[in-house]
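Notes for the structure review
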Amino acid sequence: MESSSRFRRLAAWVDPEIAFRTLFADSPRSFWLDSGVDASAGFSYLGDATDLLVASVADASVTSWAGSDATVTADATIFDALRRSLADAPESAQAGHFAPGWVGWLGYEAGAQTTATPSHPSRYPDAAFLRPARMLIFDHGAGTVTAVEGSDRDSAFGWLSAVDLPTTTSPVSAADSATATWRHDASAYGALIEQAQEEIRDGNAYQLCLTNEVRVPGAFDPVEVYRRLRRASPSHHGGLIRVDGTALVSASPEQFLRITPDGAVTTKPIKGTRPRGSTPEHDDALRTELLASDKERAENLMIVDLMRNDLGRVAAGGSVAVPTLLAVESYAQVHQLVSTVTARLAPGVSAVDAVQSAFPAGSMTGAPKVSAMTILDRLESGPRGVYSGAFGFLGADGAVDLAMVIRSIVIDAGGASVGTGGGITALSVVEDEIEETRVKAAASLAALGVRQEQLG
């Protein structure tokens with residue numbers, strides 16, 4: 001395919017945070033897919049855009065923005081729009097890592113739409129994707145930075161030469177004190193856990209990922225919030241995506257789907273959590289406890305089976321495998337139990353087909369998926385919004401890298417929202433599950449200025 005982008009290698013390394021704050025922080029449609037502070041491997045992508053896709057489940061429509069011109073397609077899903085646009089997109093493979101396609105998020109309700117399960121209307125766009133107009137690709141392993149832009153720009157890379165990038169970044173601002181309100185307080189959430197267990201005992205589900213929402217009123221600068229979060233909770237799949245008046249800020253530890261241009265698929269579902277210990281000995285004991293937990297192991301295995309089934313619908317025969325089962329990954333606040341499922345796309349199956357087949361991720365629904373989603377919509381009594389969806393990129397060359405929207409914050413004009421939850425099984429202990437939601441939400445709420453004593 002003919003390339004529609006131009007590429008230029010920068011002469012020297014630039015800190016991604018400095019580059020984003022200098023070049024893109026004021027853009028209303030911008031993104032930063034982040035491999036983390038002081039990353040030594042992987043890639044970070046940051047830039048801005050004018051073109052945009054926004055989906056509304058309530059209206060069953062997708063609005064395509066080309067600059068300020070909008071076109072509405074009725075009776076459409078975001079997957080329809082992505083499939084059409086990527087099928088016609090020119091492939092820009094010169095950079096080798098991300099042929100510019102779309103960067104954005106899939107909200108949970110977009111998955112409810114395609115699985116035909118009930119959902120509540122969200123205050124946020126059900127899906128939003130930006131087509132990069134200017135972008136920097138950071139190869140942390142090689143220590144290189146590549147600029148990418150559309151070939152239709154009037155002045156090639158004038159935006160780089162017009163800006164002097166500073167060599168040091170300013171200190172991160174402290175968060176002002178803020179107050180949190182939980183959709184379901186501890187008592188109400190405990191009652192919902194018991195109802196979920198009744199559904200499991202009645203045979204309506206094997207596992208249910210029950211979630212809660214924390215709302216924090218106030219005015220928040222997404223860039224400063226993300227600067228605080230990425231330092232407190234470093235992750236290989238961090239991100240900041242701004243779409244007009246809504247911003248997603250994430251320190252996600254969970255990869256939803258990675259697809260290479262030749263059709264190799266990887267998903268790494270997380271089920272099973274323990275907090276980090278206060279001493280090395282305590283920390284090691286909690287890690288060992290997680291690995292030995294019958295409840296956590298059973299929960300993880302159920303989701304592995306669900307993901308094997310989801311990928312099996314789009315995979316070449318015999319290609320689905322589980323190379324890693326029940327491994328512990330440790331992050332700043334938590335230990336997590338992680339498995340890896342791989343597959344290869346069947347002939348004629350696109351990357352978007354694979355994403356739609358697996359979305360929403362089984363780690364955020366439970367099993368069986370459709371039954372779990374139906375039950376959870378009734379129990380949770382509200383939308384999940386962007387939380388428990390996925391974010392990242394879909395490339396014009398068929399590459400995909402999407403992370404789960406967990407350990408995340410969604411910011412709008414009225415304040416911020418943090419989602420949290422956990423997998424409920426017949427073996428769940430109510431008090432432990434409530435505490436797990438607090439542990440998972442703590443870093444995100446701290447980045448907003450919510451004190452520890454307000455966690456529920």
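Residues numbered from 1 in each chain as written. Predicted model: local features only at pLDDT ≥ 70, side-chain atom pairs only at ≥ 80, totals over all residues. Heavy atoms only, no water.

**Things to note about the packing of aromatic side chains**
Geometrically, a pair of aromatic rings is defined through the distance of the ring centres and the angle of the planes. Applying the stated criterion across every chain yields a total of 10 aromatic pairs. Relative to Phe24, the ring of Phe20 has its centre 6.3 Å away and its plane inclined at 50°; by these criteria the two rings are tilted. Residue classification places Phe20 among the buried residues on the basis of a relative accessible area of 0%. Centre to centre, the rings of Phe20 and Trp32 are 5.4 Å apart; their planes meet at 25°, and the pair counts as stacked. With Phe20 in helix 1 (residues 16–23) and Trp32 in strand 2 (residues 29–34), this pair connects stretches of sequence that are 12 residues apart. Accessibility expressed as a relative area gives 0% for Trp32, which makes it buried. Among the aromatic residues, those joined into a ring-pair cluster are Phe20, Phe24, Trp32, Phe157, Trp159 and Tyr226. (Phe/Tyr/Trp six-rings, centres within 6.5 Å; stacked < 30°, edge-to-face > 60°. Buried < 20%, exposed > 50% of the residue type's maximum accessible area, 1.4 Å probe, protein only. Helix = DSSP H or I, 4+ residues; strand = E, 2+ residues; numbered from the N terminus.)

**Let's talk about unusual backbone geometry**
Residues Phe359 and Pro360 are joined by a peptide bond in cis, for which omega reads -5°. Note on placement: Pro360 falls in the loop between helix 9 (351–358) and strand 18 (366–367). Omega for the peptide link from Ala367 to Pro368 comes to -10°, which places this bond in the cis form. By the secondary structure assignment, Pro368 is in the loop between strand 18 and helix 10 (369–380). Here the phi dihedral of Ala116 falls at roughly 60°; this positive angle occurs in a residue that is not glycine. Mapped onto the elements of the fold, Ala116 is located in the loop between helix 3 (108–115) and strand 7 (127–139).

**Quick notes on the nonpolar core**
The nonpolar side chains of a soluble globular protein tend to be buried with one another. Counting 45 residues, the largest nonpolar core has Ile78, Phe129 and Phe256 as its most contacted members. Those residues in contact with Phe129, other than ones at most four positions away along the chain, are Asp51, Leu52, Leu53, Ile78, Leu82, Trp102, Val103, Gly104, Trp105, Leu106, Gly392 and Leu394. Trp182, Val214, Tyr226 and Ile411 belong to the second largest nonpolar core, which has 40 residues in total. (Core = buried A, V, L, I, M, F, W, Y, C linked by side-chain atoms within 4.5 Å. Contact = heavy atoms within 4.5 Å.)

**A short note on the environment of Met302**
Note on placement: Met302 falls in helix 8 (residues 294–312). Setting aside chain neighbours within four positions, we find Met302 in contact with Tyr206, Gln207 and Thr425.

**So, the side chain of Ser61**
Inspection of the secondary structure assignment puts Ser61 in strand 4 (residues 61–66). A relative accessible area of 9% means that Ser61 is categorised as buried.

**Comments concerning a nonpolar patch on the surface**
A contiguous nonpolar patch, built from Leu301, Val322 and Leu325 and spanning about 220 Å² of accessible area, is present on the exposed surface. With respect to the helices and strands, Leu325 occurs in strand 16 (residues 321–330). (Patch = residues over 30% accessible without salt bridge, like charges linked within 9 Å, V, L, I, M, F, W, Y side chains within 5 Å. Areas by Shrake-Rupley, 256 points an atom, 1.4 Å probe, with all protein chains shown as cover. Salt bridge = Lys/Arg side-chain N within 4 Å of Asp/Glu carboxyl O.)

**Considering the pairing of strand 11 (residues 237–243)**
Working note: regular strand, side chains alternate between the two faces of the sheet. Here strand 11 lies mainly inside the structure; 7 of its 7 residues are buried. What you see with strand 11 is no split at all: His237, Gly239, Ile241 and Val243 on one side and Gly238, Leu240 and Arg242 on the other are buried throughout. Pairing of strand 2 with strand 11 involves 6 bridges; the strand directions are antiparallel. By the bridge assignment, Trp32 is partnered in strand 11 with Leu240. (Pairing = 2+ DSSP bridges.)

**Let's talk about the UniProt feature "domain: Chorismate-utilising enzyme C-terminal" (unreviewed entry) in the protein chain**
Under the local residue numbering, the UniProt record ascribes the feature "domain: Chorismate-utilising enzyme C-terminal" (unreviewed entry) to residues 187–440. Annotation note: span residues 187–440, helix share 35%, strand share 35%, distance between end C-alpha atoms 18 Å. (UniProt positions renumbered as here; feature names shortened; annotations may be inferred.)

**Some remarks on helix 1**
When you tally the buried positions in helix 1, you get 6 out of 8 residues, the bulk of the element. Along helix 1, the residues classified as buried are Pro16, Glu17, Ile18, Ala19, Phe20 and Leu23. Considering only its buried residues, helix 1 is in contact with strand 2, strand 3 (43–56), strand 7, helix 4 (158–161), helix 6 (222–232) and strand 11. Taking the backbone nitrogen of Glu17 as reference, a side-chain oxygen 2.8 Å away marks Asp15 as the first, capping residue of helix 1. (Polar contact = N/O pair within 3.5 Å; in protein donor to acceptor, adjacent residues only side chain to side chain.)

**Regarding the pairing of strand 21 (residues 408–412)**
Taken across its 5 residues, strand 21 has 5 buried, putting it largely inside the fold. The two faces of strand 21 match: Ser408, Val410 and Asp412 on one face and Ile409 and Ile411 on the other face are all buried. Examined bridge by bridge, strand 12 (residues 246–252) and strand 21 share 4 bridges and lie antiparallel to one another. Within strand 21, the position partnered with Val249 by the bridge is Ile409. Bridge analysis of strand 21 against strand 22 (residues 415–424) gives 3 bridges, and the strand direction is antiparallel. The partner of Val410 across the bridge, within strand 22, is Ser417. Taking the residues between adjacent antiparallel strands as the criterion, strand 21 and strand 22 are bridged by 2 residues.

**Regarding a negative patch on the surface**
On the surface, Glu194, Glu198, Asp202, Glu431 and Asp432 cluster together to form a negatively charged patch. Of all the elements in the fold, those that place two or more residues in the negative patch are helix 5 (186–201) and helix 11 (430–447). When you line up the elements, Glu431 lands in helix 11. In this structure Glu431 comes out as exposed when scored by relative accessible area, which is 56%. (Lys, Arg positive; Asp, Glu negative; His and termini not counted. Charge placed at Lys NZ, Arg CZ, Asp CG, Glu CD.)

**A short note on the packing of helix 1 against helix 6**
Interaxial distance between helix 1 and helix 6 falls to 12 Å at its minimum, and their mutual angle equals 175°. One way to sum up the angle between helix 1 and helix 6 is to call them roughly antiparallel. Residues Glu17, Phe20 and Arg21 of helix 1 lie in contact with helix 6, whose contacting residues are Val223, Glu224, Arg227, Arg230 and Arg231. The class makeup of the residues in the contact of helix 1 with helix 6 is 2 nonpolar, no polar and 6 charged. (Axes fitted to C-alpha atoms, helices over the stretch in contact; angles between N-to-C directions. Parallel < 35°, antiparallel > 145°, perpendicular 65-115°, else oblique. Nonpolar A, V, L, I, M, F, W, Y, C, P; charged D, E, K, R; others polar.)

**As for the side chain of Glu213**
By secondary structure assignment, the location of Glu213 is in strand 10 (residues 207–217). Given a relative accessible area of 12%, Glu213 falls into the buried group. A distance of 3.1 Å separates the side chain of Glu213 from the side chain of Arg123, its partner in a polar contact. If near-sequence neighbours (up to four positions away) are discounted, Glu213 is found in contact with Arg123, Thr181, Trp182, Arg183, Ser417 and Val418.

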